[in-house]
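Spelled out from the first residue to the last, the chains are:
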Amino acid sequence: MSELVRAIGLMSGTSMDGIDVAMLATDGQNVVERGPFLAVPYDPAFRDRLKRGLEDAKTICARTERSGILADLERELTLRHGDAVERFLALNGLNAADIDILGFHGQTVLHRPDDALTVQIGDGPMLAARTGIDVIYDMRANDMVHGGQGAPLVPAYHAALAQGLKGAAWPVCFVNIGGISNLTFLGHDGEIVAFDSGPGNTLIDQWVETHAGVPYDQGGMIASEGRVVASLVERYLDSPFFTAEKRRSLDRNDFLPPEGGEAELSDGARTLAYLTAAAILKSSGHLPEMPGTFVICGGGRHNRIIMADLRDLAARHGSVVLSAEDAGFDGDAMEAEAWAYLAVRSLKGLPLTFPGTTGVRKPVSGGILARTQG
Ligand SMILES: Nc1ncnc2c1ncn2[C@@H]1O[C@H](COP(=O)(O)OP(=O)(O)OP(=O)(O)O)[C@@H](O)[C@H]1O
Ligand SMILES: CC(=O)N[C@H]1[C@@H]2OC[C@@H](O2)[C@@H](O)[C@@H]1O[C@H](C)C(=O)O
């Protein structure tokens, strides 16, 4: 067995709920020893600043451009990641010297795959200096240089995890219900197909924040009191995103929540929960075949209405829906674990993305290495 590398992955996803920190030891291939996980939530004031940053990012034309508050925000975000690493190490009785590499996603503030432009703010060299640990960052850009969508990147990790899946009916499909949903299909013969599958939690979050003043619909409680507005679901599912020949990765703003007058609070939450499930099934129609098992990761699996709708819709195709935990994984930690795994692959020059996962012309590695000054 080749030598295991100890890595920490840092993910600040499209939901902007906080920083996920996960550790693992891996050879960057099939050996994955999962370690501890920590979620460090953002305070409402910082979340508001991130939202302002997304607005300022709308005019960006080049990856290095930092208009408006973005330069300050990048610094703040990086320091918060440094604090999160420090806290993680202290909680787990570790020192910087125990960790070989940090995989730093940063915050996506703009994603325009049609223009080959994706922007994640996060200063790798500053994080390396702050933590005393080498950092791999900016992992999406090289994929785009080679014709890929720049997302999703987690599929390589899903493929490694699937090696350890016992008793599930294949083909297996990992589904991440984050702000946006994405899925990874793993076929019997090692085939891997992945793409963004539609809106995840962002529309629900925006809807309940506007109409109920809460950041998300905890457990799907608000949705549980509502009814699906079929015309709204149809409108979303008619989007060319679902019907186009080519799969396209999504920006947070590609789908927008309904107007206030289009539904009552609970009907809106119910409709958007159903939409999240229906979008996953509709996008699954582009897979080589319907999976035997869906493994659900990401925050959306805590919304029991989404999960119930998914189970109903998948059952119509004879597919079973498992939560990540049912399958022996940690559905909250998975993306941060993936960033640790990808950092190790980057260090070893192994591909992060494949023609089947991002549409990249050939398998390519990616990421930039920032070494510590010491
Ligand atoms: N207990 C819960 N009940 C309902 N929804 C929840 C719960 N916990 C988290 N969520 C939802 O999950 C979201 C966070 O999910 P997650 O952390 O997987 O997203 P992300 O990583 O930010 O997004 P992405 O994968 O798109 O980058 C929250 O914004 C919320 O909508
Ligand atoms: C550009 C960007 O940050 N995309 C995210 C987003 O959140 C989910 C989905 O859209 C996915 O494509 C991607 O993140 C996951 C972690 C990925 O790259 O696999």
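Computed from a predicted model, the values in this text were never measured in an experiment. (Residues numbered from 1 in each chain as written. Chains lettered and ligands numbered in written order. Predicted model: local features only at pLDDT ≥ 70, side-chain atom pairs only at ≥ 80, totals over all residues. Heavy atoms only, no water.)

## Brief notes about the domain arrangement of the protein
For the protein, the assigned domains are domain 1 (5–151 + 355–370) and domain 2 (166–323). Together, the buried faces of domain 1 and domain 2 total about 1300 Å²; carbon and sulfur atoms form 41% of this surface. Three residues, T14, Q149 and T357, lead the burial of domain 1 against domain 2; their summed loss comes to 35% of the area buried on that side. At the junction of domain 1 with domain 2, the criterion picks out two salt bridges. Put simply, K51 and E209 hold a salt bridge, and the shortest N to O gap is 2.9 Å. Within the residue set of the side of domain 1 that touches domain 2, elements represented by two or more residues are helix 1 (44–57), strand 4 (101–112) and helix 12 (355–358). No other element matches the three residues that helix 1 contributes to the side of domain 1 that touches domain 2. Looking at the side of domain 1 that touches domain 2, its residues break down into five nonpolar, six polar and four charged. (Domains from an automatic or database assignment. Buried area = accessible area lost by both parts, 1.4 Å probe. Salt bridge = Lys/Arg side-chain N within 4 Å of Asp/Glu carboxyl O. Helix = DSSP H or I, 4+ residues; strand = E, 2+ residues; numbered from the N terminus. Nonpolar A, V, L, I, M, F, W, Y, C, P; charged D, E, K, R; others polar.)

## Side note on the packing of helix 5 (residues 155–162) against helix 11 (residues 334–347)
Contact geometry of helix 5 with helix 11 gives a least axis separation of 9 Å together with a crossing angle of 100°. Relative to helix 11, the element helix 5 lies roughly perpendicular. Between helix 5 and helix 11, the contacting residues are A156, Y157, H158, A160 and L161 on the first element and M334, E337, A338, Y341 and L342 on the second. Residues that form the contact of helix 5 with helix 11 fall into these classes: eight nonpolar, one polar and one charged. (Axes fitted to C-alpha atoms, helices over the stretch in contact; angles between N-to-C directions. Parallel < 35°, antiparallel > 145°, perpendicular 65-115°, else oblique. Contact = heavy atoms within 4.5 Å.)

## Considering the nonpolar core
Generally speaking, soluble globular proteins have nonpolar side chains that are buried together. Ranked by internal contacts, the top residues of the largest apolar core, which has 42 residues, are V175, I296 and L310. The biggest single contributor to this core is helix 9 (residues 265–284), with nine residues. Contacts of I296, omitting those with residues within four sequence positions, involve V175, I177, R301, M307, L310, V321, L322, S323 and A324. Membership of the second largest hydrophobic core comes to 37 residues, among which are L10, L117, I121 and V135. (Core = buried A, V, L, I, M, F, W, Y, C linked by side-chain atoms within 4.5 Å. Buried < 20%, exposed > 50% of the residue type's maximum accessible area, 1.4 Å probe, protein only.)

## A short note on the site of ligand 1
Taken together, 21 residues are adjacent to ligand 1, and T14, G179, D205, G219 and E335 come closest. The contact in question runs from an oxygen atom of ligand 1 to an N or O atom on the backbone of S15, over 2.9 Å. Across the complex, the protein chains shield 86% of the 660 Å² of accessible surface that ligand 1 would expose by itself. Grouping the amino acids of the shell around ligand 1 by side-chain chemistry returns three nonpolar, 14 polar and four charged. Among the domains, domain 1 (5–151 + 355–370) and domain 2 (166–323) are the pair contributing at least three residues each to the shell around ligand 1. (Near = heavy atom within 4 Å. Polar contact = N/O pair within 3.5 Å; in protein donor to acceptor, adjacent residues only side chain to side chain. Areas by Shrake-Rupley, 256 points an atom, 1.4 Å probe, with all protein chains shown as cover.)

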